[in-house]
Amino acid sequence: MTDLIDLSLSEARDGLRSKDFTAVELTRAYLGAMERSRELNAYITETPDKALTMAEASDKRLAAGDAGTLEGLPIAVKDLYCTEGVLTTAASHILDGFKPPYESTVTSNLWREGAVLLGKTNLDEFAMGSSNTTSYYGPVRNPWQDKTAPSRHLVPGGSSGGSAAAVAARSALAALGTDTGGSIRQPAALTATVGFKPTYGRCSRWGIVAFASSLDQAGPFTRTVRDAAIMLRAMAGHDPKDSTSAKIEVPNFEASLTGDIKGLRIGIPKEYRLEGLSPEIDALWQQGITWLKDAGAEIVDVSLPHAKYALPAYYIVAPAEASSNLARYDGVRYGLRVPGKTLDEMYANTRGEGFGDEVQRRVLIGTYVLSAGYYDAYYLKAQKVRARIAEDFRSAWNSCDLLLTPATPTAAFGVDEKQDDPLQMYLNDVFTVTANLAGLPGISVPAGLDSKGLPLGLQLLGRPFDEGTLFRAGGVLEEAAAFTAQPGLRA
Amino acid sequence: MTIDRQTVAKVAHLARIKVAEDRLDSLAMELDEIVAWVEQLGEVDTDGVRPMASATDMVAAWRDDVITDGGYADRVVANAPDPQGDFYTVPKVVE
C-alpha cells in the first residue's frame, strides 16, 4: 500500500470514504511526518492531541455517513489565523503567549467540514517578508536542495514559508496561507506546491491577524490543483463579520476541472518580460505558452503599462495599512508588555522590543507616508497608481480570459542571501503583487526544475470571482508539466 | 536625502517605537533608499484619477444596529499582561 502521506488530498478523501484507512491512521501518519521533519522548522506549534481528538470525531462521522467535504483530512494552518485556545503568534515576539478566545471564520469553515488541525505553521513576522527569515521563531528550511550544494540551507519563500514547506515535505496534506503581495504564490513556486490566492472578498478575513486589509486574502497550499479547488470551496463564503467578504455564491470548484481549455484566450503581458530575467525562467514561461497552446488555447499579447509601478505602489499602500493595523499592539490587551514609567514609554518599549527589524521598518515607512505633509505626495499618489494598475487589467480582460506569467523571478535562494538589502528582497514579489493591488485571483503551479534541481512555478491570473477558469487552466498546466520530482528533505 | 536621523526619530515617536540612538543612522539610510525608490511613482500621470482605497467596488454594507456579541469580560481580558478583575491596567496617566 502507498504510504498514506503520499496520497493527494482528493485521494485521501476518497480513501477515507471507502474505508481503506481511518482518519486516526491518516492523522498518525502525518503526526509522525511532522516529527521527522522538525529540522525544517515549518511549525511553530504542533497540536497532536487536538489532531487525534478531531480525527476520532471524524471517524465517528465517517462511520455514521455524516462526513464533511474535508472529513478527517490533516491540515496545517499559518500561524496568522486565530485558533481558539491555541497559541497564535504571527511569528512575532509581541504576541507572546496569545491564545485567542475565538476562532477565525476560515478555520471555523474547515472544522465544520471535518478537517483536522495538525499545528500552526511558521511565517515571516506579521506576514512581512518573502523568505520566512523575519520570523521570531527562526527561519524555515526549504525541503528542496540545490543539487550542486545540498547542505546549503535554502529559504522556502514567504511569508507563508512554513505552510509551503510542510505541504512540500509531506508533513501536512494541505495548509492555509495568506497572500498580501505574493505570500502564497511565491513560496508555492519555490517549494513545488500549488498555491492559490482567491479574489479579494472570496474568503472572510475575520480572525486573521491583519497586515494590509485592502490586500490580504486567505488561500490554500496543496500538492495538486484539484486539492486546491476542494480546499477553497470549504474556506470561502460570505461572512457578516467581514463586510468586505463578497455576497456571492461559492461554486463547486472541483467541477470546473474539465481539462478542456479549447478557445480560452491566454494573455501574455509584455511588461512581465523584465530586463535581466533569468533565461531559465523565460524558457519555462515559453514552455507554459506552448503547453496551453497545444491544449487548444489561443495566445494573445497584452499590455499592462503600469505593471512596473506595482511594487513601489505596494510599498506605500501595504506599510501604510500595516502601520494603522499594528497600532493595536500596545502592551495593554494581549501579548508582550515591556514596562515604562509613563503610558507612552510603555508603548514605545513594548513595540521597540516586540517588533522585529522588518516590521519596524514597514511601520515606520507607513507612519512616514501617512504623516502630515506627506499623505498626498505618497499615500494618495500610490492609491491613484493602484487605480491605474487595476484599469490595466480591466482593459486586458477585453482581449483575454486569463494571464500567464512566471510566478517568481528566481528559484529558492540561500537563507543568508538578500538579507542586507530590503529592496532586493522586495523584488521577489514583482510578478505576484499586481494581483493583490487589483484584487484578482491567481494560482501558482509547479512547472519545472532549474539546472540546480530547484522547482520553478508558473502563475495564472484571472478575472474577479472567476476562480473556476483558473482551476480549469491550472489543471491543464499541471497535467502538461507532469511534475513528479520530490524534495530531498521530505518526511 | 529626504530621511535623516531626526526624521526617523520623529516618525519612531509617532509610531511609538523605541529606536536605539545607534540605529537611527542605519535606519535613516534604509528608509531613505526605500522612499527614493517609491518616488518613481511620480512618473505616472494620475490627473483626474480617483484614488483606489479598496480592492473591490463594493459599497459598505448596512446592518441593524443591534448587539450580537459580548457579555464575557473575563474572556476579553484573559490575554492581558496585567489585568485586575475585568479591567486592563496601564501606568498611571493622571497625577
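From a predicted model like this one, the values you see are computed outputs, not experimental measurements.

Caption draft 1: Quick peek at the overall build of chain A. Within chain A, the secondary structure is distributed over 15 helices and eleven strands. Relative to the compact-globule value of 23 Å for 491 residues, chain A shows a C-alpha radius of gyration of 21 Å, a close match. Overall size of chain A, expressed as C-alpha extent along the three principal axes, is 65 × 55 × 50 Å. Going through the 491 residues of chain A one by one, you find that 67% of them count as buried. Expressed as a percentage of contacts within chain A between residues at least 6 apart in sequence, the contacts between residues at least 24 apart total 77%. For chain A, the exposed area adds up to about 15700 Å²; of that, 49% sits on carbon and sulfur atoms.

Caption draft 2: How the structure looks around the pairing of strand β2 (residues 74-78) of chain A. All names here are of chain A. The buried fraction of β2 is high, at five of five residues. Side chains of β2 alternate between two faces, with Pro74, Ala76 and Lys78 and Ile75 and Val77 buried alike. Sheet analysis places β2 next to strand β3 (residues 116-121), joined by five bridges and oriented parallel. Counted as the bridge partner of Ala76 is Gly119 from β3. In this region the chain leaves β2, passes through helix α4 (residues 105-112) and returns to the parallel neighbour β3; the handedness of that crossover is right-handed.

Caption draft 3: Representation of the pattern of salt bridges. A full pass over the atoms with the stated rule returns 27 salt bridges over all chains. We note a salt bridge from A:Arg61 to A:Glu71, for which the minimum N-O separation is 2.9 Å. One end of the pair, A:Arg61, is in helix α3 (residues 48-63); the other, A:Glu71, is in the loop between α3 and β2, and ten residues separate them in sequence. Relative accessible area serves as the criterion here: at 4%, A:Glu71 is assigned to the buried category. For B:Arg5, the salt bridge goes to B:Asp25, with nearest N and O atoms at 2.9 Å. Of the two residues, B:Arg5 is situated in helix α1 (residues 5-14) and B:Asp25 in helix α2 (residues 24-38); the sequence distance between them amounts to 20 residues. Assessed through its relative accessible area of 43%, B:Asp25 is described here as partly exposed.

Caption draft 4: Structural context of the interface of chain A and chain B. Between chain A and chain B, the contact holds 64 residues from the first and 47 residues from the second. Our count for the chain A to chain B interface comes out at four salt bridges. Linking chain A with chain B are 16 residue pairs in polar contact (both at pLDDT 80 or more), by the criterion used here. At the level of elements, α9 (310-325), α10 (343-354), α11 (357-370), α12 (375-396), α13 (422-426) and α14 (433-438) of chain A are the ones that each hand at least two residues to the side of chain A that touches chain B. For the side of chain A that touches chain B, the element with the most residues is α12(A), which contributes eleven residues.

Caption draft 5: Layout of the environment of A:Ile44. All names here are of chain A. Here Ile44 lies in strand β1 (residues 43-46). The exposure class assigned to Ile44 is buried, which follows from its relative accessible area of 19%. A C-alpha to C-alpha distance of 16 Å links Ile44 and Pro74, two positions 30 residues apart in sequence. Those residues in contact with Ile44 that lie beyond four places of it in its chain are Asp79, Thr89, Ala91, Lys120, Thr121, Asn122, Leu123 and Tyr137.

Caption draft 6: View of the UniProt feature "active site" (unreviewed entry) in chain A. Residue and element names in this part refer to chain A. UniProt's feature table lists "active site" (unreviewed entry) at Lys78, Ser159 and Ser183, given in the numbering used throughout. For the annotated residues, spread through 106 residues, the largest C-alpha to C-alpha distance comes to 11.1 Å, consistent with a single compact locus. Locating Lys78 in the fold gives a position in strand β2. Not counting residues up to four positions away in its chain, the partners in contact with Lys78 are Lys120, Thr121, Leu123, Ala127, Ser159, Ser160, Ser163, Leu176, Gly177, Thr178 and Ser183. Counting through the fold element by element, Ser183 comes out in the loop between β4 (174-178) and α6 (185-191). Among all residues touching Ser183, those that are not within four sequence positions of it are Lys78, Ala127, Gly129, Gly158, Ser159, Ser160, Thr178 and Phe221.

Caption draft 7: Representation of helix α8 (residues 279-294) of chain A within the structure. Residue and element names in this part refer to chain A. Helix length check: α8, at 16 residues, gives a terminal C-alpha distance of 22 Å against a target of 22 Å (1.5 Å per residue), a fit within 8%. For α8, the full list of buried residues reads Ile281, Leu284, Trp285, Gly288, Ile289, Trp291 and Leu292. For α8, the buried positions fall inside an angular range of 160° around the axis, keeping them on one side. Away from its buried face, by an angle of more than 90 degrees, α8 presents the exposed residues Pro279, Lys293 and Asp294. Buried residues belonging to α8 abut β7 (265-269), β8 (298-302), β9 (402-406), β10 (442-449), β11 (455-462) and α15 (467-481).

Caption draft 8: Summary view of the sheet that holds β11(A). All names here are of chain A. If you trace the eleven strands from one edge of the open sheet to the other, you get β1-β3-β2-β4-β6-β5-β10-β11-β9-β7-β8, paired in mixed fashion. Where the open sheet ends on each side, the last strands, each with one partner, are β1 and β8. When strand polarity is set aside, the average angle formed by the axes of neighbouring strands in this sheet is 30°. Where β10 meets β11, seven bridges bridge the pair, whose relative direction is antiparallel. Paired with Ile443 across the two strands is Leu460, which belongs to β11.

Cut-offs applied
- Residues numbered from 1 in each chain as written.
- Chains lettered and ligands numbered in written order.
- Predicted model: local features only at pLDDT ≥ 70, side-chain atom pairs only at ≥ 80, totals over all residues.
- Heavy atoms only, no water.
- Helix = DSSP H or I, 4+ residues; strand = E, 2+ residues; numbered from the N terminus.
- Rg over C-alpha atoms; globule rule 2.2 N^0.38 Å.
- Buried < 20%, exposed > 50% of the residue type's maximum accessible area, 1.4 Å probe, protein only.
- Contact = heavy atoms within 4.5 Å.
- Areas by Shrake-Rupley, 256 points an atom, 1.4 Å probe, with all protein chains shown as cover.
- Pairing = 2+ DSSP bridges.
- Right-handed = clockwise from strand over helix to strand, strands pointing away.
- Salt bridge = Lys/Arg side-chain N within 4 Å of Asp/Glu carboxyl O.
- Polar contact = N/O pair within 3.5 Å; in protein donor to acceptor, adjacent residues only side chain to side chain.
- UniProt positions renumbered as here; feature names shortened; annotations may be inferred.
- Expected span 1.5 Å × (residues − 1).
- Arc of directions from axis to C-beta.
- Axes fitted to C-alpha atoms, helices over the stretch in contact; angles between N-to-C directions.

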